[in-house]
Amino acid sequence: MSQHGVGPRAVTRSVAFLTAGVLAVPALAGCGSEDPSGKPLAGQDIQPAPRDRITDGGTLRWAVDSVPDTLNTFQSDADATTTRVAQAVLPSMFRMDASGRPERNPDYLESAKVVDTEPKQVVLYKLNQQAVWSDGREIGAADFAAQWRALSGKDTAYWTARNAGYDRIQKIERGDNALEVRVTFSRPYADWRSLFSPLYPKDVMGTPDSFNDGARKKLKVTAGPFTVKKADREEGKITLTRNARWWGEPAKLSEIVLRTVPRDKRAAELAAGTLDLAEIDPSAARRITVAARPHSSGSPLMGPGADRSAADSLESWAVANGSDEDAADEETVARKKLRRATAAYARQQQALSGFEVRKSLEPAYTQLALNGAEGPLTDERVRRAVARALDRKELAQAVLGPLGLPAVPVGSHLALSGQAHYADNSGALGDQDTKEAQALLADAGWVRGGPVKEQKKKEKEKAAGPQGGKADDSGDSGDSGDSGDSGDSGEDNKAHHGPDPAGHLAQDGRQYKPQGGAPGAYAPKGTAAPANQEGAPLAKNGKPLTLRFVLPSGPGSQTLRTVADRISRMLERVGIGTEISKVSDESYFKDHIASGQYDLALYSWPATAYPATDARPVYAKPVPAADGSLNVEQNYTRVGTDQVDQLFDEAVATLDEGESRSLIRKADSRIWAAAGSIPLFQRPQLLAARKNLVNTGAFGFGTPVYEDMGFLKKGAKPASGPSAKGSAAP
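Residues numbered from 1 in each chain as written. Predicted model: local features only at pLDDT ≥ 70, side-chain atom pairs only at ≥ 80, totals over all residues. Heavy atoms only, no water.

As for the environment of serine 417
With respect to the helices, strands and loops of the structure, serine 417 is situated in the loop between helix 10 (392–400) and helix 11 (434–443). Judged by relative accessible area, which is 11%, serine 417 ranks as buried. Here the alpha-carbon distance between serine 417 and proline 36, two residues 381 residues apart in the chain, equals 8.8 Å. Apart from residues lying up to four places away in sequence, serine 417 is in contact with Ser37, Gly38, Lys39, Pro40, Leu41, Tyr422 and Phe701. At a separation of 2.6 Å, a polar atom in the side chain of serine 417 contacts the main-chain carbonyl oxygen of lysine 39. (Helix = DSSP H or I, 4+ residues; strand = E, 2+ residues; numbered from the N terminus. Buried < 20%, exposed > 50% of the residue type's maximum accessible area, 1.4 Å probe, protein only. Contact = heavy atoms within 4.5 Å. Polar contact = N/O pair within 3.5 Å; in protein donor to acceptor, adjacent residues only side chain to side chain.)

Take a look at the structure:
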């Protein structure tokens, strides 16, 4: 995934209550007459242009993270590229508008509405009479029925990743004519618009074999502006070509080639002219921004040799021209190598001047997850103390401010600003307050300067050394923002952040030596700390309050590690120590987040227009499974309550949209109160696009309109407006 972490699912959609007297939940947002949903914090940045200014033809070369293992979005190994392909080649009854709200897709639907509620909910779809599959067959009730049967969960021969919503359907039948589809529900379903988007042909959904295998490597029958020409996993690319049977506005592009390009290689590929569009990280965005400036081939702070001072350069010249021939030869070779690298960088910068950065906010947010299943965070007071220690505005500013994007903390777990269900419910937990955090910790029994028992005698001896000498302090990096220290286990990549231990042993058994102190000259185990020792760590039952903070180590996660370092310093101020453990990207989610091997972690969730359906498994109360294990669904913090579950159940079962939104907002307030996860900020969305490429870029919430993408005609200019100039800074 992008630099903000390894998200639980790459696909776009998967995507606590305290007793009275313990925590008073404030008046819920949305209960008044004013709409609390607001507007999107950043708009689309896609360089809009009318179709008559766009060249007919051309190939768009678009970088992706991977060629997916399946083209079936309803399978567990579907990813973001699976979704992108489906958007371009398959029907969707509803798509997302620029505010992240569902809107009818007129290419497929003339109308869709609830026509009966008693005795059963009935939705009537009236299809576009021109809508046909690429084999010439009309889209109709048979396709809807086949998809329902495949995803209903009744036939376990279908290997499906989810069946939410489809399990509530009782029957599907043809309406008064072939263009009408009547869907009758066995139970009311508020999120009925989430269904049949995408819609696969009955050829794929009709049998378990065709569902499980028929759409993994190819899609023979499609119904979008493009069709899948070839998916080549060995070459790492998928080629989409115009659909000759498409009835809507014809695609401007002849082809779209989705090619796997690692994120750290994308700037070079753009400069080489092999890509037209690519999602990039902030460092590449800065390169492109600098390259676009007039008469600029780079920056004195960028590129090879950027970290060399004038003194370094002078010393290099002196060595190269000195009397030591061997040193002079070596330095001369190094200087030539640097000149070549600098020249190559300048050429790349010149090539990158033909691109621009388009930016918005991704429909996803980064959160701090707190594992409530074991350790100190099982105590709700400690989780709330962690939350109250965080300055979320500072964290958002650190990530989004330098990019010129609105640095506004996310106020909801279940929607983002501008979406129908959004309301800032963070008041249910409260803003940053150091004194309140410390009071919560004290109430939970964590005492500053309390005695700390050794976990293992052997660890103590190793820490002090055979002669009581200075311990190895290599584990205290003090900077979780360092990248490149990858490792499968993460055990060799630890950094400790916490109050000055003042002679107490650190969690990994290494002894800290205060500046000016003598090695080994510290109080014996169990000695009480002096009263009011402000610098001492919090302790309880002989154990220090230290939380394991697990992070991915890959180069794309630099921003995450920077955020983690700031969080560690914030926690340190209230007496909470952190032990940062960097693990490989491949193991981060599977071996640590999903399995619960962490105390604190940073990862992202995608936004959804249907939180009653999509968010429920993320926040559902874990329940014991038949084998004695804990069934957490997607609730990787393991924090949940019966009341939150009940609110979700009520929200998904009411057909009153206002009531459903109110219930979702109530659920969000309870989730905030439980402090199992703390939303931080929307993820930045940065794309490098060729300057003459229009109607594509940073889409924000909106579903891309693939048939309108293309290259400007020679001499033509894009439309004027905010989107043509990029997202406004706050």
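Examining the confidence of the model for the chain
Reading predicted coordinates in detail is not appropriate for stretches of low pLDDT. Averaged over the chain, the pLDDT score is 83; the fraction of residues at 70 or greater is 78%. Note on residues 1–32: pLDDT is under 50 here. Beyond four places in sequence and across chains, it has 104 contacts. (pLDDT = per-residue confidence, 0-100.)

Overview of a positive patch on the surface
Taken together, Lys336, Lys337, Arg339 and Arg340 make up a surface patch of like positive charges. For lysine 336, the location among the structural elements is in helix 8 (residues 325–352). Take lysine 336: its relative accessible area is 44%, and that puts it in the partly exposed class. (Patch = residues over 30% accessible without salt bridge, like charges linked within 9 Å, V, L, I, M, F, W, Y side chains within 5 Å. Areas by Shrake-Rupley, 256 points an atom, 1.4 Å probe, with all protein chains shown as cover. Salt bridge = Lys/Arg side-chain N within 4 Å of Asp/Glu carboxyl O. Lys, Arg positive; Asp, Glu negative; His and termini not counted. Charge placed at Lys NZ, Arg CZ, Asp CG, Glu CD.)

Observations concerning a negative patch on the surface
Where like charges cluster on the molecular surface, the negative patch consists of Asp324, Glu325, Asp326, Asp329 and Glu330. Relative to the helices and strands, aspartate 324 resides in the loop between helix 7 (310–320) and helix 8.

Here we look at the packing of aromatic side chains
Under the counting rule described, the total for this entry stands at 18 aromatic pairs. Geometrically, the ring pair formed by tyrosine 125 and phenylalanine 196 is edge-to-face, given 6.0 Å between the ring centres and 90° between the ring planes. Here tyrosine 125 is found in strand 5 (residues 122–127), whereas its partner phenylalanine 196 is found in the loop between strand 7 (180–185) and helix 3 (202–205), with 71 residues between them in sequence. Phenylalanine 196 carries the same exposure label as tyrosine 125, and that label is buried. These aromatic residues form a ring-pair network of at least three members: Phe74, Phe94, Tyr125, Phe144, Tyr166, Trp192, Phe196 and Tyr200. (Phe/Tyr/Trp six-rings, centres within 6.5 Å; stacked < 30°, edge-to-face > 60°.)

Points about the sheet that holds strand 5
Across the sheet, which stays open at both edges, the four strands sit in the order 4-5-7-6 with antiparallel pairing between neighbours. Each end of this open sheet is capped by a strand with a single partner; those strands are strand 4 (109–116) and strand 6 (169–174). The average undirected angle you get between the axes of adjacent strands in this sheet is 15°. Looking at chain direction, strand 5 and strand 7 are connected through five bridges and run antiparallel. When the sheet's bridge partners are listed, valine 122 is paired in strand 7 with threonine 184. (Pairing = 2+ DSSP bridges. Axes fitted to C-alpha atoms, helices over the stretch in contact; angles between N-to-C directions.)

Examining the pairing of strand 22 (residues 677–690)
Most of strand 22 is tucked away: 13 of the 14 residues are buried. Relative to strand 22, strand 11 (residues 277–279) is paired through three bridges, and the arrangement is antiparallel. From the neighbouring strand, glutamate 279 faces strand 22, where its bridge partner is leucine 687. Both strand 12 (residues 355–370) and strand 22 contribute to a ladder of 12 bridges, which runs antiparallel. Residue pairing for strand 22: arginine 358 is matched across the bridge by leucine 687.

Considering the pattern of salt bridges
With the rule as written, the count across this model stands at 29 salt bridges. The salt bridge involving arginine 193 is made with glutamate 657; its shortest N-O contact spans 3.1 Å. In this pair, arginine 193 is assigned in the loop between strand 7 and helix 3 and glutamate 657 in helix 18 (residues 657–674), connecting sequence segments 464 residues apart. Judged by its relative accessible area of 22%, arginine 193 falls in the partly exposed class. For aspartate 276, the salt bridge is made with arginine 690, and the minimal N-O distance between the two is 2.9 Å. Of this pair, aspartate 276 sits in the loop between helix 5 (266–272) and strand 11 while arginine 690 sits in strand 22; the two residues are 414 residues apart in sequence, bridging distant segments of the chain. Connected via shared salt-bridge partners are Asp65, Arg263, Arg266 and Glu279.

Considerations on the packing of helix 9 (residues 380–389) against helix 11
At a minimum axis distance of 8 Å, the contact between helix 9 and helix 11 shows a crossing angle of 165°. Taken together, helix 9 and helix 11 sit at an angle that is classed as roughly antiparallel. Our pair here, helix 9 against helix 11, has a crossing hand that is left-handed. Facing helix 9, whose interface residues are Arg381, Val382, Arg384, Ala385, Arg388 and Ala389, helix 11 presents Thr434, Glu436, Ala437, Leu440, Leu441 and Asp443. For the contact of helix 9 with helix 11, the class distribution of residues is six nonpolar, one polar and five charged. (Parallel < 35°, antiparallel > 145°, perpendicular 65-115°, else oblique. Left-handed = near helix turned anticlockwise from the far one by under 90°. Nonpolar A, V, L, I, M, F, W, Y, C, P; charged D, E, K, R; others polar.)

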